[in-house]
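# Working through the structure, step by step
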Amino acid sequence: MSATLPTGQPPTPPAPDPSAGDRPRRRAGDYTSRHTVSLVVPARDEARNIPWVFEQIPACVDEVILVDGSSQDATVAMARACLPAVRSVRQDAPGKGSALRTGFAAATGEYIVMIDADGSMSPGEIPHFLHFLDHGYDFVKGSRRIAGGGSLDLTPIRALGNKALLLIANRLYGALLTDLCYGYCAFRRSFLAELDLHAPGFEIEAEMIVHALRSGLRIAEVPSLELPRRSGRSHLHAVADGRRVLRTLLAERPGAAGAAR
């Protein structure tokens, strides 16, 4: 079952706070969660995008974990310059799935939020996700297709593929989701075992959602605005990654051999 947040206006711009130290700076009206929060940021060659992402992180985040995918540029050094308290870990195998699992294993917060390092997801939306976790939900995912959300980056091919995969997912899993292939999510770390993540690539985002559905977790969707990548080229391959998502949906559906894992 899914719930949606009626409105999702962007937060006010950051206000300087000299007492913030190594922690992200607090903004006017910043949300305060009752639980500790870990932010996992997988990154590979994102040195030019890291400063914008890190300066947007709200103070309700207690730790930031940068998962470095063998970057050839100054990604790690830039992250440490922007936020000295950042924890940098190296992923143990190629692929976004491996990067996220590495970050989740390193996280210590009661809540885990995952976000991309390319600037396509605004960290200022994190309080929306935490609000639902604080009010009884177990897994919260961003949606570009509900009021207050949207995308400034979707190509016609990606939009068509996302729509088709969403229809298949809702049909196979008896769900009413509005968005599937969008990796802005937050969840309770205590349910990491139930999510049972194994996917190596971008399909891990779909794997998380269908495992949350199969496990009976309480899922909420909140509006999110997908922004264009700030610089550099995307690591996403629409057709190849779309096929991997489809294989994941079919393999993990109730009654399939893979679903018995």
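In short, a report on the structure. Computed from a prediction, not measured in an experiment: that's the story for all the values here.

## As for the nonpolar core
By size, the foremost hydrophobic cluster in this structure holds 35 residues, and its most contacted members are Leu39, Phe54, Val64, Leu66 and Leu130. Those elements that provide at least two residues to this core are strand S2 (37-43), helix H1 (50-55), strand S3 (63-68), helix H2 (75-82), strand S5 (111-114), helix H4 (126-134) and strand S9 (219-223). In terms of residue count, H4 provides more of this core than any other element does, five residues in total. Ignoring anything within four residues of it in the chain, the contact list for valine 64 reads Leu39, Val41, Phe54, Ile57, Leu83, Val86 and Arg87.

## Remarks on the packing of aromatic side chains
Here the structure, examined in full by the defined rule, presents five aromatic pairs. Measuring from centroid to centroid gives 5.2 Å for phenylalanine 104 and phenylalanine 187, while their planes differ by 85°, and the two rings are edge-to-face. Here phenylalanine 104 is found in helix H3 (residues 96-106), whereas its partner phenylalanine 187 is found in strand S8 (residues 185-188), with 83 residues between them in sequence. Residue class for phenylalanine 187 comes out buried when judged on its relative accessible area of 1%. Ring centres of phenylalanine 139 and phenylalanine 187 lie 6.2 Å apart, and the angle between their planes is 15°; on these two criteria the pair is classed as stacked. Here phenylalanine 139 is found in strand S6 (residues 139-143), whereas its partner phenylalanine 187 is found in strand S8, with 48 residues between them in sequence. The two residues phenylalanine 139 and phenylalanine 187 agree in class, both being buried. Pairwise contacts between aromatic rings join Phe104, Phe139 and Phe187 into one cluster.

## Details of the packing of helix H5 (residues 156-173) against helix H8 (residues 238-252)
Contact pair H5 / H8: the axes reach a minimum separation of 10 Å and the direction vectors enclose 5°. In this view, H5 runs roughly parallel relative to H8, as classed from their interaxial angle. Contact residues: Arg158, Leu165, Ile168, Ala169, Leu172 and Tyr173 in H5; Ala238, Gly242, Val245, Leu246, Thr248, Leu249, Leu250 and Glu252 in H8. Split by residue class, the contact of H5 with H8 holds ten nonpolar, two polar and two charged.

## Things to note about the pattern of salt bridges
A complete count under the given rule lists 15 salt bridges for this structure. The salt bridge involving aspartate 116 is made with lysine 96; its shortest N-O contact spans 2.8 Å. Residue aspartate 116 is found in the loop between S5 and H4, and its partner lysine 96 is found in helix H3; the two are separated by 20 residues along the sequence. We note a salt bridge from lysine 141 to glutamate 221, for which the minimum N-O separation is 2.8 Å. Here lysine 141, found in strand S6, pairs with glutamate 221, found in strand S9; they are 80 residues apart in sequence, far enough to count as distant. Here lysine 141 matches glutamate 221 in class, with each residue buried. Here the residues in one salt-bridge network are Arg144, Asp153, Arg158, Asp179 and Glu226, joined through shared partners.

Definitions and limits used
- Residues numbered from 1 in each chain as written.
- Predicted model: local features only at pLDDT ≥ 70, side-chain atom pairs only at ≥ 80, totals over all residues.
- Heavy atoms only, no water.
- Core = buried A, V, L, I, M, F, W, Y, C linked by side-chain atoms within 4.5 Å.
- Buried < 20%, exposed > 50% of the residue type's maximum accessible area, 1.4 Å probe, protein only.
- Helix = DSSP H or I, 4+ residues; strand = E, 2+ residues; numbered from the N terminus.
- Contact = heavy atoms within 4.5 Å.
- Phe/Tyr/Trp six-rings, centres within 6.5 Å; stacked < 30°, edge-to-face > 60°.
- Axes fitted to C-alpha atoms, helices over the stretch in contact; angles between N-to-C directions.
- Parallel < 35°, antiparallel > 145°, perpendicular 65-115°, else oblique.
- Nonpolar A, V, L, I, M, F, W, Y, C, P; charged D, E, K, R; others polar.
- Salt bridge = Lys/Arg side-chain N within 4 Å of Asp/Glu carboxyl O.

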